[in-house]
Amino acid sequence: MQRANLYHDKRAQWAAYLVFFAALAVIPLIMDDPYTMNQYARYGVFGILALSVSLLWGYGGILSLGQGIAFGMAAYGMGATMQMQYQDPVNDPMPSFMLTNELEALPVVWEPFWHTHWGVLLAIGIPVLFFIIFGVLMFQARLAGAFVAIMTLAMLGAWYSMAYDMQPYTAGFNGISPPNAFVAFGVEVDPYSNLIYWVSLGVLGFLTLSIKALLQTKFGTVIQAIRDDPERARFLGYNVAYYQTVLFALAGLVAAFAGVVWVMISQYVSPTELDIFFSISIVIWAAVGGRMSLFGAIFGAMFIKAAETNLGDDFQATWFVILGVVFIVVVRFLPKGIAGLFEIAIGFIPYRLKSSSRSDVNSTSAGD
Amino acid sequence: MSVILELTDVSKAYDQFKVVDSFNFKVNQGELRCLLGPNGAGKTTTIDLITGRQKATSGKIMFNGREITGLREDRIAKRGVGRKFQVPAVFKELTVRDNLRVAFSNNTDPFANMLRFSRKEGRERLDQVVELAGLQDRLDELGGNLSHGETQWLEIGMVLTQSPKLLLMDEPTAGMTEQETQKTSEIFNRLKGQHTLIVVEHDMAFVREIADVITLMHMGKTLAEGPMEVVENDPKVKEVYLGSEGITDAA
Amino acid sequence: MSVHDFWTPFALEPFISALIIGLSIASIWLVAALGLTIIYGTMGVINMAHGEFIMLGAYSAWVLQHFVGIPWLLCLPLSFIIVAFIGWLIERGLIRHLYDRPLDTLLATWGVSLVFIQSIRLIFGGSPQYIDAPSWLKTVMVIDFVHIPWMRIFIFFLALGLVAMTFAILYKTNMGVQVRAVMQNKEMAASFGINSKRVYGLTFAYGAGLAGISGAMFTGLQTIFPDMGMHYVVEAFLVVVTGGGEIIGSVATAGIMGQMFSVFSYFTNDTFGRFVLFVLIVIFLRFRPQGIFSPSMARR
């Protein structure tokens, strides 16, 4: 019988999340090194990506190996926006890579990116639209499990080829390097400043808390029910394909946000953002950290990437061997990842449920 | 008394083999109909066809005056058809409480549900169902950790929460004790009238307790139909069951 | 850039060359996918480390030639054996425990893939290595306007040979019958005394071996480097899944895919060709997830 566990107490969870984000928010005041802030801001993006996988896979039961699609598309959209912020409509309307590719005029698809608000909107909107269409395609046909995983992988491969190939439009393997930092509402978001860190953290925090709240709604409960037994859900009257598509689009939205923030930080976008290895790595971070826990997935992403970055070039290959082994062990033995171990540990703390009334607001389901 | 469910010449064929063969079936509102027959007679397939899990090869299925042949499962469920599976199907990683919450499917729109935080909606019905299913002490237990009997009760509870006009129960007492079976027959007897029940069963004593009318299927068709005494003594039935005690101990 | 530069106009001779190259590409994808077809078709296992089995085969051939001095042609069957053994170990140690969890198998084998790539990188470094193929295979056959490297012709026929050998094993040997029995119905096969564990182990090893020998073959066409397998894995998967996990399906799919890719690439270029191909496959799978030849999986 499941002993009541503090780990599942909703109020404790919210408190933990708020403390976590508050602590992270304070870091720039202690560190005060612009280069480090840029680094840390990147970890925030990885956290957002892991969040997207945790939502879709941990709570929705849908494994997508192609979150990179939304990430990459949004990154390109943002790259275009930032590039056009630099261009001058009268004297210098076309990015240099287009001139190198002998384009005569700015392609029509690039036009909207003259306006920053349109650019950002499209950067986020187009991936979401794509995920909706792609989701309808897959879930209407009741595809599931490994099939969905392979399809998302193939789709990612297709888009990678596209970005690589359409040189006049995407700058191909060279990538787009907007010369200036992103400017929003007259404010320059300097990639080497405390501001970029807070932007990244802000987006991460906002998305995480929103999703946490969403998971506590009936939608959240239903989506987990669908994960456990889609047929049963259907017989209760739920349009499973609809729910899955909505969730898939939401996960795409989250990954798209990550893409937008990423280019603010790196001032560079290339087909690497659509790389297969990277997209699957997100799944590894979420799995090791704990896909059933938003916190776990985010933490897993940050921890793994931090280790990778700080271990130095000589250790890279060794690190990946270790990561690979850890991943295999997690898949084989620890479906809940490190968060699962944490859950067991917290379980030892004496704790009793607030009340046994049926309308207990604190009652929960497994995971957060 | 109006007809709530009507199957007209419904067939389900796999290549040449007909699992359900021009089956005609009429159930009146408020009735408790038992669907009996040996394994392979077509009972579960019939339930599948009604609930939309399988598509009929031919024939027409009418529910509440509207055609539901070939509709998607959730559409049929929303029209008021609930189903309890042979092998109990509950949401294993959700608590008993959440299982019941999901079953309270008055509004199934995903976006509407994104705004629903309140644990209070449907509480009255949930409390009643929990009481009935005897799961008051197990509300925070995960669905996957329940005993077999408890899982059966949870699923029954879920179907009751859904409160459909027509309930299709596939072997609801499988694995239950005497007491639990007794309780189930009490519940069913209470439900009929307000709801219509179709119960697929093997336990003859249980069937005797609850059935208004019995439909005995054989090879995808109706072999006999009527109240228990009539079906029991039907010569065709006796013939098929080869000189045994009639259907009294048919497996 | 104008449409003119992107789109190559039709001309008979280059087009025919493209078709012939298409056959070569098809044979490469087929032999790369063959092992995966066996494994997926028999066991339903999605082995994400398949590309790495190919890579290990290539490295085996290189090591055998470079350090032991074995002639290239002999390296091929030896690579088969080496990688088959590695595959057998993986099946025993890991895959065996995940049969009822297909998604986890996919992920765990991705982990294996990662370990293999990085281990090879640790041992041999990341720079590309060159292998020395026999000189007679390094020439080009010329018929009229058609130029085909002999190596591609060799690979083409070797691929067909491996398919034929696989069919022979499956349909003419005792073990083959057992494999097919387990493929169709594991429980029933067990009741006839067939040890499905042993069958799975040998099947996985055989599939890995096929990947290994194809990797060895590919050294004749390209340099070898730790993540070379990645270039084959997605295409191999698409061949297997579209073919429905049957050898005939994979042959047909590889043939069609190879030709389509070659033709698209002829008219446009390699990457765009790949893009169109992938999208077409995704659309195809959406409507026929069971593959080309299998019976329908649609709602019954």
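For every chain, the first residue of the written sequence is number 1, and numbering continues from 1 along that sequence. Numbering of ligands from 1 and lettering of chains from A proceed in the order in which they are written. Only residues with pLDDT of at least 70 are given local features in this predicted model, and only at 80 or more are side-chain atom pairs given and counted; all residues enter the totals for whole chains, interfaces and linings.

## Description of the overall build of chain A
Right, on to step 1. Helix numbering and strand numbering both begin at the N terminus, where a helix is a DSSP run of H or I of at least 4 residues and a strand a DSSP run of E of at least 2. A tally of regular secondary structure across chain A gives 15 helices and two strands.
Right, on to step 2. Its C-alpha atoms give chain A a radius of gyration of 21 Å, within 12% of the compact-globule value 21 Å for 368 residues.
Right, on to step 3. Counting only C-alpha atoms, chain A reaches 70 × 50 × 40 Å along its principal axes.
Right, on to step 4. Burial statistics for chain A: of 368 residues in total, 55% are counted as buried. Only C-alpha atoms enter the radius of gyration; for comparison, a globular chain is expected to reach 2.2 Å times N to the power 0.38, where N is the number of residues. Exposure in this text rests on C-beta crowding, where 20 or more other C-beta atoms within 10 Å of a residue's own make it buried, 12 or fewer make it exposed, and counts in between make it partly exposed. The C-beta atoms are placed from the backbone.

## A look at the interface of chain A and chain B
Right, on to step 1. For every residue pair, C-beta atoms are placed from the backbone, and the pair is scored as a contact if these atoms sit within 7 Å. Contacts between the two partners involve 32 residues from chain A and, on the opposite side, 37 residues from chain B.
Right, on to step 2. When residues of the side of chain A that touches chain B are traced back to their parent elements, those giving at least two are helix H9 (218–228), helix H10 (230–235) and helix H11 (240–266) of chain A.
Right, on to step 3. Among the elements that take part in the side of chain A that touches chain B, H9(A) stands out by supplying seven residues, more than any other.
Right, on to step 4. Ten residues, namely Ala, Val, Leu, Ile, Met, Phe, Trp, Tyr, Cys and Pro, are considered nonpolar, four, namely Asp, Glu, Lys and Arg, are considered charged, and the remaining ones, Gly among them, are considered polar. Here the side of chain A that touches chain B is built from residues that sort into 16 nonpolar, ten polar and six charged.

## What about helix H1 (residues 43–51) of chain B?
Right, on to step 1. Of all nine residues that make up H1(B), eight are buried, and the element is covered over most of its length.
Right, on to step 2. For H1(B), the set of buried residues is Lys43(B), Thr45(B), Thr46(B), Ile47(B), Asp48(B), Leu49(B), Ile50(B) and Thr51(B).

## Overview of the environment of Ala233(A)
Residues and elements named next belong to chain A.
Right, on to step 1. Its place among the elements puts alanine 233 in helix H10.
Right, on to step 2. By the C-beta count within 10 Å, which is 28 here, alanine 233 ends up buried.
Right, on to step 3. Taking the C-alpha atoms as reference, alanine 233 lies 42 Å from methionine 264; in sequence the two are 31 residues apart.
Right, on to step 4. For alanine 233, the contacting residues outside a window of four places in its chain are Val222, Ala225, Ile226, Tyr238 and Val240.

## A look at the domain arrangement of chain B
Residue and element names in this part refer to chain B.
Right, on to step 1. Per the domain assignment, the segments making up chain B are domain 1 (1–80 + 165–251) and domain 2 (91–163).
Right, on to step 2. When each unit is reduced to the centre of its C-alpha atoms, the spacing between domain 1 and domain 2 is 26 Å.
Right, on to step 3. At the interface, seven residues of domain 1 touch seven residues of domain 2.
Right, on to step 4. Considered class by class, the residues forming the side of domain 1 that touches domain 2 number four nonpolar, one polar and two charged. These domain limits were set by an automatic method or by a database of domain assignments.

## Brief notes about the nonpolar core
Right, on to step 1. Membership of the largest hydrophobic core comes to 284 residues, with the highest contact counts inside it found for Leu49(A), Ala50(A), Ala154(A), Val254(A), Phe257(A) and Trp29(C).
Right, on to step 2. Ranked by the residues each element gives to this core, the list is headed by H11(A), at 21 residues.
Right, on to step 3. Shared between two domains, this core takes at least three residues from each, and those domains are domain 1 (1–80 + 165–251) and domain 2 (91–163) of chain B.
Right, on to step 4. Discounting chain neighbours no more than four positions away, the residues touching Ala154(A) are Val234(C), Leu238(C), Phe278(C), Ile281(C) and Val282(C). Definition of nonpolar core: a set of buried Ala, Val, Leu, Ile, Met, Phe, Trp, Tyr and Cys residues joined via C-beta atoms within 7 Å.

## Some words on the sheet that holds strand E8 (residues 196–200) of chain B
Residue and element names in this part refer to chain B.
Right, on to step 1. When DSSP locates at least two bridges between a pair of strands, those strands are taken to pair. An order of E6-E7-E8-E3-E9-E10 is seen for the six strands of this open sheet, with the pairing classed as mixed. Each edge of the sheet is formed by a strand with only one pairing partner; in this case those strands are strand E6 (81–84) and strand E10 (221–226). On average, adjacent strands in this sheet sit at an angle of 20° to one another, irrespective of strand direction.
Right, on to step 2. Bridge analysis of strand E9 (residues 213–218) against E10 gives five bridges, and the strand direction is antiparallel. Within the sheet, the bridge partner assigned to leucine 216 lies in E10 and is alanine 224.
Right, on to step 3. With respect to the sheet, H1 is in contact with strand E3 (32–36), E6, strand E7 (166–170), E8 and E9, its orientation differing from that of E7 by roughly 145°.
Right, on to step 4. The strands that helix H6 (residues 148–162) touches are E6 and E7; relative to E6, the one it contacts most, it runs at about 175°. Between the N-to-C directions of two axes lies an angle of 0 to 180 degrees, each axis being a line fitted to C-alpha atoms and, for a helix, fitted only over the stretch in contact.

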